[in-house]
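# Remarks on the overall topology
Each chain, letter by letter, is given below.
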Amino acid sequence: LGDISDDGFLCRDVMCVRTDGQSCYVMLRVAATEEYVQTQGRDWERYAMIKARVVAGEASDGTELMKLLRPFTFRKYVDFSTLESLRKMKILINRETQRKNISKNIKIGFGGIREIEFIAQAFQIIYGGRDVRFQSQALKDILTLIEKELLLPESEVEKLRESYKFLRNIEHILQGMQDLQTHMLPNAK
């Protein structure tokens with residue numbers, strides 16, 4: 001899927017992100033997927049499922065799968081372990097950013113795209129099990145909801161919204177210039 005031809009590439013794929021890494025099938029049956037998330041699903045997979053969308057196959061099958069996975073993704077009752085997991089994940093992300101010295105990365109660097117998404121996802125994890133409005137994949141909808149419910153000050157939500165739009169525009173420019181999936185700002189000359 002990710003091979004580059006004279007015309008560029010068809011799509012970018014990340015086949016290593018699977019339930020059991022490289023040893024797992026690229027696709028699992030619905031029953032196997034449901035069994036996996038109920039018995040072994042990890043917190044990072046819960047956060048990833050917030051953004052999951054049906055992209056292939058029968059839409060009705062995908063919709064049914066997403067419905068089965070919703071209780072895993074959006075727990076009805078959030079306990080302290082969930083909040084602690086969010087905190088630990090953020091600490092790990094910060095450490096990895098420092099370790100790799102990727103401050104010029106507009107996606108995963110400090111103040112980057114992922115940090116804005118992480119803020120929204122934290123509210124989704126906390127409220128999504130009891131309020132279906134928080135189950136949207138669209139960041140702009142979640143930010144609007146956070147603002148409407150007064151979970152963050154309006155001015156802070158507006159900063160997140162504008163920063164996200166700015167960073168996504170920069171991302172598109174960087175990738176268009178090099179025809180690569182890059183998120184690194186070039187060195188000044």
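For clarity, every value in this text was computed on a predicted model and none was experimentally measured.

### Re the overall build of the protein chain
- Within the protein chain one finds seven helices and two strands.
- For the protein chain, the sequential pattern of α-helices and β-strands runs β-β-α-α-α-α-α-α-α.
- Looking at the protein chain as a whole, 33% of its 189 residues are labelled buried.
- Counting only contacts in the protein chain whose residues sit at least 6 apart along the sequence, the fraction spanning at least 24 positions is 54%.
- A total of about 12800 Å² of accessible surface is found on the protein chain, and carbon and sulfur atoms cover 56% of it.

### Brief notes about the nonpolar core
- Counting 16 residues, the largest nonpolar core has Ile116, Phe134, Leu139, Leu143, Ile146, Tyr164 and Leu167 as its most contacted members.
- Those residues in contact with phenylalanine 134 that sit more than four places away from it in its chain are Phe74, Phe123, Gln124, Tyr127, Gly128, Ile142, Leu145, Ile146 and Leu151.
- Listed in part, the eight residues of the second largest apolar core include Ile50, Phe118, Ala122 and Ile125.

### What about helix H4 (residues 80-99)?
- Taking 1.5 Å per residue as the helical rise, H4 with its 20 residues ought to reach 28 Å, and the 28 Å between its terminal C-alpha atoms agrees with that figure.
- Three or more residues of H4 are buried, namely Thr82, Ser85, Leu86, Met89 and Thr97. The buried residues of H4 occupy one face: seen down the axis, they fall within an arc of 105°. Exposed and oriented more than 90 degrees from the buried face of H4 are Phe80, Arg95, Gln98 and Arg99.
- Each element contacted by the buried residues of H4 is listed here: helix H2 (43-50) and helix H5 (113-127).
- Positioned one or two residues after H4, asparagine 101 has a phi angle of 50°, which is positive.

### As for the environment of asparagine 94
- Residue position: asparagine 94 is located in helix H4.
- Distance in space between the C-alpha atoms of asparagine 94 and isoleucine 108 is 9.2 Å, their sequence separation being 14 residues.
- Apart from residues no more than four positions distant in its own chain, asparagine 94 is found in contact with Phe110 and Glu115.

### Overview of the packing of aromatic side chains
- Summed over all chains, the structure comprises two aromatic pairs.
- When the centroid spacing of 6.4 Å and the interplanar angle of 10° are considered together, the rings of phenylalanine 123 and tyrosine 127 count as stacked. Taken as a pair, phenylalanine 123 and tyrosine 127 lie in helix H5 at a separation of four residues, close to a single helical turn.
- Classification of tyrosine 127 by relative accessible area gives partly exposed; the value is 28%.
- Members of the aromatic cluster, joined through ring pairs, are Phe123, Tyr127 and Phe134.
- A cation over an aromatic ring shows up here: arginine 46 above the ring of phenylalanine 72, its NZ or CZ 4.5 Å from the ring centre.
- Positioned above the aromatic ring of phenylalanine 118, the side-chain terminus of lysine 90 is 6.0 Å from the ring centre.

### With respect to the confidence of the model for the protein chain
- Per-residue confidence for the protein chain gives a mean pLDDT of 84, with 88% of residues at or over 70.
- Within the protein chain, helix H6 (residues 139-148) carries the highest mean pLDDT (97), whereas strand S2 (residues 8-9) carries the lowest (66).

### What to know about the pattern of salt bridges
- Overall, the coordinates contain 15 salt bridges when judged by the stated rule.
- The partner of glutamate 117 in a salt bridge is arginine 168, and the shortest N-O contact between them spans 3.1 Å. Here the residue glutamate 117 occupies a position in helix H5, and arginine 168 occupies one in helix H7 (residues 154-178), the gap between them amounting to 51 residues.
- Here arginine 168 falls in the buried class, since its relative accessible area comes to 19%.
- A salt bridge links arginine 133 to aspartate 131, with the shortest nitrogen-to-oxygen separation between them at 2.7 Å.

Scoring rules and cut-offs
Residues numbered from 1 in each chain as written. Predicted model: local features only at pLDDT ≥ 70, side-chain atom pairs only at ≥ 80, totals over all residues. Heavy atoms only, no water. Helix = DSSP H or I, 4+ residues; strand = E, 2+ residues; numbered from the N terminus. Buried < 20%, exposed > 50% of the residue type's maximum accessible area, 1.4 Å probe, protein only. Contact = heavy atoms within 4.5 Å. Areas by Shrake-Rupley, 256 points an atom, 1.4 Å probe, with all protein chains shown as cover. Core = buried A, V, L, I, M, F, W, Y, C linked by side-chain atoms within 4.5 Å. Expected span 1.5 Å × (residues − 1). Arc of directions from axis to C-beta. Phe/Tyr/Trp six-rings, centres within 6.5 Å; stacked < 30°, edge-to-face > 60°. Lys NZ or Arg CZ within 6 Å of the ring centre and 35° of its normal. pLDDT = per-residue confidence, 0-100. Salt bridge = Lys/Arg side-chain N within 4 Å of Asp/Glu carboxyl O.

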